[in-house]
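# Structural characterization, general
So you can see what is in the structure, the chains are spelled out below.
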Amino acid sequence: MVTEMELEVATPSSLHGEELERVVVLINQVYRVAERGMWIDETFKRTDIEEVSGIVRDGELMVCRSGGRVVGCVQCRMLNPSAASFGMLVCDEKFRGRGIGKALIARAEERAREKGAKTLQ
């Protein structure tokens, strides 16, 4: 499962520069495949560096690392004082089938509870 993986809440000092850019590329690659055929413009990007930087700055991005490299992530944000949502759940295709998605969702649930959420959407 995820024994050799590290899960953490990303911070501006732990996720920046080329690694932050790689996360943006990973999110866009996964969504491009998952949402193929949904968009008229197939070059549509799910996110960009500015949005992901803001999500990191707000403490909303959980990342999974393998060998120090981000291989998956999930966003968990508060909707109101008692409800949170998660999204942007992605995993590098080379690391799928190892429990990363399950671990990221569990970390998002834990993060939501830490912030006072009673429900997670």
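My aim in this report is to walk through the structure given alongside it, one point at a time. As the structure is a computational prediction, the values presented were derived from the model and not from experiment. (Residues numbered from 1 in each chain as written. Predicted model: local features only at pLDDT ≥ 70, side-chain atom pairs only at ≥ 80, totals over all residues. Heavy atoms only, no water.)

On to the packing of helix α1 (residues 17–34) against helix α2 (residues 49–57), then. With their axes 10 Å apart at the nearest point, α1 and α2 run at an angle of 110° to one another. Taken together, the axes of α1 and α2 are roughly perpendicular relative to one another. As for the relative orientation of α1 and α2, their crossing is right-handed in sense. Across from Leu-20, Glu-21, Val-23, Val-24 and Ile-27 in α1, the residues of α2 making contact are Ile-49, Val-52, Ser-53 and Val-56. Taken together, the residues that form the contact of α1 with α2 break down as seven nonpolar, one polar and one charged. (Axes fitted to C-alpha atoms, helices over the stretch in contact; angles between N-to-C directions. Helix = DSSP H or I, 4+ residues; strand = E, 2+ residues; numbered from the N terminus. Parallel < 35°, antiparallel > 145°, perpendicular 65-115°, else oblique. Left-handed = near helix turned anticlockwise from the far one by under 90°. Contact = heavy atoms within 4.5 Å. Nonpolar A, V, L, I, M, F, W, Y, C, P; charged D, E, K, R; others polar.)

Taking 1.5 Å per residue as the helical rise, α1 with its 18 residues ought to reach 26 Å, and the 26 Å between its terminal C-alpha atoms agrees with that figure. Looking at α1, one finds that the buried residues are Leu-20, Val-23, Val-24, Leu-26, Ile-27, Asn-28, Val-30 and Tyr-31. In the core, the buried residues of α1 are packed alongside α2, β2 (61–66), β3 (69–80) and β4 (83–91). (Expected span 1.5 Å × (residues − 1). Buried < 20%, exposed > 50% of the residue type's maximum accessible area, 1.4 Å probe, protein only.)

Across six bridges, the pairing between β2 and β3 is antiparallel. Along β3, the bridge assignment pairs Ser-66 with Arg-69. Adjacent in sequence and paired antiparallel, β2 and β3 are bridged by two residues, among which Gly-67 carries a positive phi angle near 60°. As defined by bridge partners, β3 adjoins β4 across seven bridges and the pair is classed as antiparallel. In the sheet register, Asn-80 faces β4, and the bridge partner there is Ala-83. (Pairing = 2+ DSSP bridges.)

Moving on to the packing of aromatic side chains. In the structure shown here, the tally under the stated rule is zero aromatic pairs. Over the ring of Tyr-31 we find Arg-46; its NZ or CZ atom is 5.3 Å from the centre of that ring. (Phe/Tyr/Trp six-rings, centres within 6.5 Å; stacked < 30°, edge-to-face > 60°. Lys NZ or Arg CZ within 6 Å of the ring centre and 35° of its normal.)

A few words now on the nonpolar core. By size, the foremost hydrophobic cluster in this structure holds 18 residues, and its most contacted members are Leu-15, Val-23, Ile-27, Val-52 and Leu-61. At the level of elements, α1, α2, β2, β3 and β4 are the ones that each hand at least two residues to this core. The element that contributes the greatest number of residues to this core is α1, accounting for seven residues. If we ignore the near neighbours within four places in the chain, the residues touching Val-23 are Leu-15, Val-52, Leu-61, Val-70 and Cys-73. Of all hydrophobic cores here, the second largest spans 15 residues; its members include Met-62, Ala-84, Ala-108 and Ala-117. (Core = buried A, V, L, I, M, F, W, Y, C linked by side-chain atoms within 4.5 Å.)

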